[in-house]
Amino acid sequence: MNVLILTGAGISAESGIPTFRDANGLWEGHAVEEVATPQGFARNPDLVHEFYNQRRRALLNPEIQPNAAHVALADFEREHLENGRGDFFLVTQNIDNLHQRAGSQNVLAMHGQLLQVRCLYSEEIFDWTGDLSVDTPHPEDPDNDSMRGCLRPNVVWFGEMPIGLTQIEKAATKADLFIAIGTSGVVYPAAGIVAQTPPHCRRIEVNLDDTPASSAFDETIRGAASVEIPKLLNHFSAM
C-alpha cells in the first residue's frame with residue numbers, strides 16, 4: 001500500500017503554532033502582499049525579515065513540540081517501511097520542522113522551511129536559527145560587505161513555485177491511500193493533489209471543519225488531528 005500524506009496548518013496549530021492568517025486574510029495584522037510576496041520583500045525587506053524573525057523565534061521556543069499526530073505519522077512511516085508494506089511520502093504545507101523533529105524521514109516541505117535561508121544570488125540554502133536582516137553577512141563570505149543582506153527566508157511566497165511538484169504528482173498517481181490533515185483545501189496546488197490520485201485510491205480528510213475540497217474525499221473525519229490521526233493510523237497498522 002503506497003501512502004501519501006498531506007498536512008497543513010491545522011496539525012501544527014495543536015503544537016501552539018498560530019495559523020497566522022485570520023478571517024480577513026491578514027497575517028499577524030499584515031496584508032499577505034506585505035510579508036509573503038517577492039514584491040513585498042523588495043519594497044520593505046526590514047518588515048519581512050522581522051515578520052519571519054518572530055516566527056523563527058516562536059518555533060525555537062522549547063514549549064513548541066511535535067504533538068501526538070506528528071509522532072503517530074513518524075511511527076507509522078517507520079513501521080510501514082520496515083515491514084515492506086509499500087511507499088510512504090509526507091508532503092507538508094507547513095514551514096516548521098515538527099514532522100522532522102517527530103522522526104519523519106520522507107518529508108517534502110513544499111512551501112520551504114523557516115529554519116533555512118537562501119542566497120538571492122547563488123540560490124544556495126543554509127540552515128538558520130538566528131535573526132535575519134538587511135545587514136546580515138553572508139555565512140560563506142562574512143567579510144565581503146557587498147554580500148551583506150543577500151539572504152532571504154527559504155520559504156515559498158505567493159507568486160512563487162512550490163517545491164517538489166513533480167515528486168508530489170508522481171507520489172499521488174501511485175497512491176493507494178491519501179490522507180489530508182489540517183489543510184484548508186483552498187491553497188493550490190496543494191488543494192489539487194487529491195484530484196491527482198487514481199480511482200482506486202482511498203482518500204481521507206481529517207479536519208476540524210468541512211473544506212471546499214471535502215467532496216473530493218471518500219471519507220471525512222471531523223476532529224483534532226492529535227486525537228484522530230493516532231486512531232486512524234492504528235487502524236491501518238492492524239490491517
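Scroll up a little and you will see the structure.
Here we summarise the structure given alongside this text. Only a predicted model underlies this, so the values are computations on that prediction, with no experimental measurement involved.

1. Observations concerning the overall build of the protein chain
A tally of helices and strands in the protein chain yields 9 helices and 11 strands. Relative to the compact-globule value of 18 Å for 239 residues, the protein chain shows a C-alpha radius of gyration of 19 Å, a close match. For the protein chain, the C-alpha atoms occupy an extent of roughly 60 × 40 × 35 Å along the three principal directions. The 239 residues of the protein chain split such that 48% are buried. Considering only contacts in the protein chain between residues 6 or more positions apart, those separated by 24 or more positions represent 64%.

2. Description of the side chain of His 70
With respect to the helices and strands, His 70 occurs in helix α5 (residues 68-82). Not counting chain neighbours up to four residues away, the residues in contact with His 70 comprise Ile 11, Ser 12, Ser 15, Leu 98, His 99 and Ala 102.

3. Regarding the pattern of salt bridges
Under the counting rule described, the total for this entry stands at 13 salt bridges. Among the salt bridges present, the one from Arg 118 reaches Glu 123, with a minimum N-O distance of 3.0 Å. Classification of Glu 123 by relative accessible area gives partly exposed; the value is 47%. Three or more residues joined by partner-sharing salt bridges are found here, namely Glu 50, Arg 57 and Asp 131.

4. Details of the environment of Ala 225
Tracing the sequence through the fold places Ala 225 in helix α9 (residues 225-237). A residue is classified by how much of its surface remains accessible, and Ala 225, at 6% relative accessible area, is buried. Put simply, Ala 225 and Ile 11 are 214 residues apart on the chain and 6.0 Å apart in space, counted from C-alpha to C-alpha. Look past the residues within four positions of Ala 225 in its chain and what remains in contact with it is Ile 11, Glu 14, Ala 69, Ile 181 and Pro 230.

5. Observations regarding the sheet that holds strand β11 (residues 219-222)
A sheet is described by the order of its strands in space; here 6 strands give the open sequence β5-β4-β1-β9-β10-β11, paired in parallel fashion. Sheet topology places β5 (107-109) and β11 at the edges, where each strand pairs with a single neighbour. When strand polarity is set aside, the average angle formed by the axes of neighbouring strands in this sheet is 15°. Here 5 bridges tie strand β9 (residues 177-181) to strand β10 (residues 202-207), and the two strands are oriented parallel to one another. Paired with Ile 179 across the bridge in β10 is Ile 204. Its contacts with the sheet put α5 on β1 (3-7), β4 (88-92) and β9, and the angle it makes with β4 is roughly 155°. Packing of α9 onto the sheet brings it into contact with β9, β10 and β11, and relative to β10 it is tilted by some 155°.

6. Remarks on the state of the cysteines
The full count for this structure, using the stated rule, is 0 disulfides. Cys 119 supplies the cysteine sulfur nearest to Cys 150, a cysteine that is in no disulfide, at a spacing of 4.0 Å.

7. Some words on the packing of α5 against α9
Where α5 meets α9, the closest approach of the two axes is 7 Å, and the angle between their N-to-C directions is 15°. Overall, the two elements α5 and α9 adopt an arrangement that is roughly parallel. Along this stretch, α5 crosses α9, giving a crossing that reads as left-handed. From α5, Ala 68, Ala 69, Ala 72, Leu 73, Phe 76 and Glu 79 reach across to α9, where they touch Ala 225, Ser 226, Ile 229, Pro 230, Leu 233, Phe 236 and Ser 237. Broken down by class, the residue content of the contact of α5 with α9 amounts to 10 nonpolar, 2 polar and 1 charged.

8. Considering the packing of aromatic side chains
One pass over the structure, following the stated rule, counts 5 aromatic pairs. Seen from their ring centres, Phe 76 and Phe 88 are 6.1 Å apart, and the 55° between their planes marks the pair as tilted. Placement of the pair is Phe 76 in helix α5 and Phe 88 in strand β4, with a sequence separation of 12 residues. Overall, the relative accessible area of 4% leaves Phe 76 in the buried class. Residue classification places Phe 88 among the buried residues on the basis of a relative accessible area of 4%. Plain terms: the ring middles of Phe 178 and Phe 217 are 6.0 Å apart, the flat faces sit at 15° to each other, and that makes the pair stacked. One end of the pair, Phe 178, is in strand β9; the other, Phe 217, is in the loop between β10 and β11, with 39 residues separating them in the sequence. Taken as a pair, Phe 178 and Phe 217 share a single burial class, namely buried. Ring pairing ties together the aromatic residues Phe 41, Phe 51, Tyr 52 and Trp 157, which thus form one cluster. Sitting above the plane of the Phe 51 ring, Arg 55 keeps its charged end 4.5 Å from the centroid.

Rules behind the numbers
Residues numbered from 1 in each chain as written. Predicted model: local features only at pLDDT ≥ 70, side-chain atom pairs only at ≥ 80, totals over all residues. Heavy atoms only, no water. Helix = DSSP H or I, 4+ residues; strand = E, 2+ residues; numbered from the N terminus. Rg over C-alpha atoms; globule rule 2.2 N^0.38 Å. Buried < 20%, exposed > 50% of the residue type's maximum accessible area, 1.4 Å probe, protein only. Contact = heavy atoms within 4.5 Å. Salt bridge = Lys/Arg side-chain N within 4 Å of Asp/Glu carboxyl O. Pairing = 2+ DSSP bridges. Axes fitted to C-alpha atoms, helices over the stretch in contact; angles between N-to-C directions. Disulfide = S-S within 2.5 Å. Parallel < 35°, antiparallel > 145°, perpendicular 65-115°, else oblique. Left-handed = near helix turned anticlockwise from the far one by under 90°. Nonpolar A, V, L, I, M, F, W, Y, C, P; charged D, E, K, R; others polar. Phe/Tyr/Trp six-rings, centres within 6.5 Å; stacked < 30°, edge-to-face > 60°. Lys NZ or Arg CZ within 6 Å of the ring centre and 35° of its normal.

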